[in-house]
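The primary structure of each chain is shown beneath.
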Amino acid sequence: MNPLELTPDDFRRLASRVSTLAEQWLAELDTRAIAPATTGNATEALFAEGLPEEGLKDAALDALGAVMAGARAGNARFLAYVLGSGEPVGALGDYLASVLNQNVTAWRSAPSLVSMERAVVRGLAAAVGCPGFTGSLTGGGSSANLMGLTLAREAKAPANEQGSPSGVVYASTEVHMSIPKALALLGLGRRNLRLIPTDSEWRMRPEALERAITEDVSAGRRPLAIVATAGTVNTGAVDPLKDVATIARRHGLWMHVDGAFGALAALAVPERFEGLALADSLSMDAHKWLYQPVDCGVLLYRDATDARRAFSFSGDYVRTLSTDAVEGFAFFDESLELSRRARALKPWLSVRYHGLRAFREAIRKDLENAQRLAELVRAEPKLELLAPVPLSAVCFRYIAGLAEHERDAFNTRLMARLNARGRVYLSNATLSGRFALRACFVNHRTTAQDVQTVVEEVLATAKELQGA
């Protein structure tokens, strides 16, 4: 007998055990402490025995409970990161993707799933107001941004054959860390990222962008691309996309929009993303505001010719041997990846089950929860709101009885104690040199009562600290 083969009964028994664990996790999610009661030494000890020479059979699953106990519980009050809440129907799609185990690299390798991904990408593009755009699903916003800037480089300063010339990329001072990382990986260098100042709402200032481009041209430097952000990681600010696009067109530059955080909110509030369809390329994360299990990023672009120029290079062993527009299609001609999992099964099944309307409503609820928290902070004299709330990131701090020079250190301690209490989990941001508590609502489970709990927990934790 094949040593790795399972009978249907074996598979059913094991799958049932895993399903029971998953059901229990979801049922208990709201009552679990968000921060697991564990340490680095404890988690390392779980795996200290290494990989067994002889199989444990059904007993192999016995350790899953301990593994799950050491995981953070992404319940309704887990608001720390810009990370979606893991919609369960999407998780079932992920399960089936692993069972099918298709390499979604070309139609001939995974016929139905390649067509599915292309349809999902087209559908998401149309849903955010970019009809006609195409693209692919990626591991996340970082890889989508890297690929988008690769398209920009090859369109404006081709380097695939002869090596990379120098060139300048422009982004706001609130740019995500993936952009300077992409410039480094592309050989353009982080020093060629020109950071443009922001206005009082943390949006890129168009006049400062125009001035920087003009200065660089006068100095003999080569402008390549502008990265506008649709949802900055700190405050959720959306750059003035239409104005940025006008400047990009005037100077013949590529416009990439980093919409990993915010762009999918255009499903619910398209008026906040005017100019999104003017981008040449756009990143989004379905594992953020489409609530899908990670990983499920999206890269969209206006013209597939740009993607093929950047990525099409292959050996004879992967030639598709078909001139049919569908049967000859290969993602590896338009993507960084060759081996690719069936990421589209998650959003395809999830959206078919719930419908786009349900996701629009969930996003609106997140936006409302963010405004609710902002209003509660404004109404509480012990708290201070530190930034506008254009989307769903709320930055605030505790100030009662604290001199200005004491507030950063106190709020740093407050966040650590708050998260250790386990009822609410927040992250942090630095705004104008000030430490902020940051709650980000991309969680379909969060209710108005959970928002109230955030304020109650912050005040209770502050009282503990001040009492100590």
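Residues numbered from 1 in each chain as written. Predicted model: local features only at pLDDT ≥ 70, side-chain atom pairs only at ≥ 80, totals over all residues. Heavy atoms only, no water.

With an unreviewed UniProt entry as reference, the protein chain is termed Aminotransferase class V-fold PLP-dependent enzyme, source organism Archangium lansingense. Comment text from UniProt for the protein chain, heading Cofactor (unreviewed entry), reads "pyridoxal 5'-phosphate". Under Sequence similarities (unreviewed entry), UniProt gives the following word-for-word description of the protein chain: "Belongs to the group II decarboxylase family." (UniProt positions renumbered as here; feature names shortened; annotations may be inferred.)

Visitor: Can you lay out the overall build of the protein chain for me, pointing to particular residues and giving the numbers?
Guide: On a plain count of helices and strands, the protein chain comes out with 15 helices and 11 strands. For the protein chain, whose C-alpha radius of gyration is 24 Å, the value lies close to the compact-globule estimate of 23 Å for 468 residues. Projecting the C-alpha coordinates of the protein chain onto the three principal axes gives extents of approximately 70 × 70 × 45 Å. Buried positions account for 49% of the 468 residues belonging to the protein chain. Of all intrachain contacts in the protein chain linking residues separated by at least 6 positions in sequence, the fraction that spans at least 24 positions is 73%. (Helix = DSSP H or I, 4+ residues; strand = E, 2+ residues; numbered from the N terminus. Rg over C-alpha atoms; globule rule 2.2 N^0.38 Å. Buried < 20%, exposed > 50% of the residue type's maximum accessible area, 1.4 Å probe, protein only. Contact = heavy atoms within 4.5 Å.)

Visitor: Give me the lowdown on the sheet that holds strand 9 (residues 393-398), citing residues and values where you can.
Guide: In spatial order, the strands read 8-9-11-10; together these 4 strands make up an open sheet with antiparallel pairing. Taken across any chain shown, the strands that pair with only one partner, and hence form the sheet edges, are strand 8 (383-385) and strand 10 (427-431). For this sheet, the mean inter-axis angle between neighbouring strands, taken without regard to orientation, is 40 degrees. Of the pairings in the sheet, the one linking strand 9 to strand 11 (residues 434-440) comprises 4 bridges and is antiparallel in character. Residue cysteine 395 lies in a different strand from strand 11, and its bridge partner there is arginine 438. Of the strands in this sheet, strand 8, strand 9, strand 10 and strand 11 touch helix 14 (residues 404-421), which is tilted by about 35 degrees from strand 11. (Pairing = 2+ DSSP bridges. Axes fitted to C-alpha atoms, helices over the stretch in contact; angles between N-to-C directions.)

Visitor: For the side chain of aspartate 366, give the residues involved together with the corresponding values.
Guide: When you line up the elements, aspartate 366 lands in helix 13 (residues 356-379). Within the buried core, aspartate 366 has no salt-bridge partner, and the shortest N-O distance to an opposite charge, that of lysine 365, equals 6.2 Å. There is a polar contact of 3.4 Å between the side chain of aspartate 366 and the backbone nitrogen of asparagine 443. If sequence neighbours within four positions are ignored, aspartate 366 has contacts with Trp289, Tyr291, Ser392, Phe441, Val442 and Asn443. (Lys, Arg positive; Asp, Glu negative; His and termini not counted. Salt bridge = Lys/Arg side-chain N within 4 Å of Asp/Glu carboxyl O. Polar contact = N/O pair within 3.5 Å; in protein donor to acceptor, adjacent residues only side chain to side chain.)

Visitor: Give a description of the packing of aromatic side chains that names residues and reports values.
Guide: How two aromatic rings sit relative to each other is set out by the distance from centre to centre and by the angle between their planes. By the definition in use, this model includes 7 aromatic pairs. Ring plane angle 35 degrees and centroid distance 5.5 Å describe the contact between tyrosine 398 and phenylalanine 410, whose orientation is recorded as tilted. Taken together, the positions of tyrosine 398 in strand 9 and phenylalanine 410 in helix 14 put the pair 12 residues apart, joining distant regions of the chain. Look at tyrosine 398 and you get buried, because its relative accessible area is 4%. Residue phenylalanine 410 is classed as buried on the basis of its relative accessible area, which comes to 5%. Pairwise contacts between aromatic rings join Phe78, Tyr81 and Tyr425 into one cluster. (Phe/Tyr/Trp six-rings, centres within 6.5 Å; stacked < 30°, edge-to-face > 60°.)

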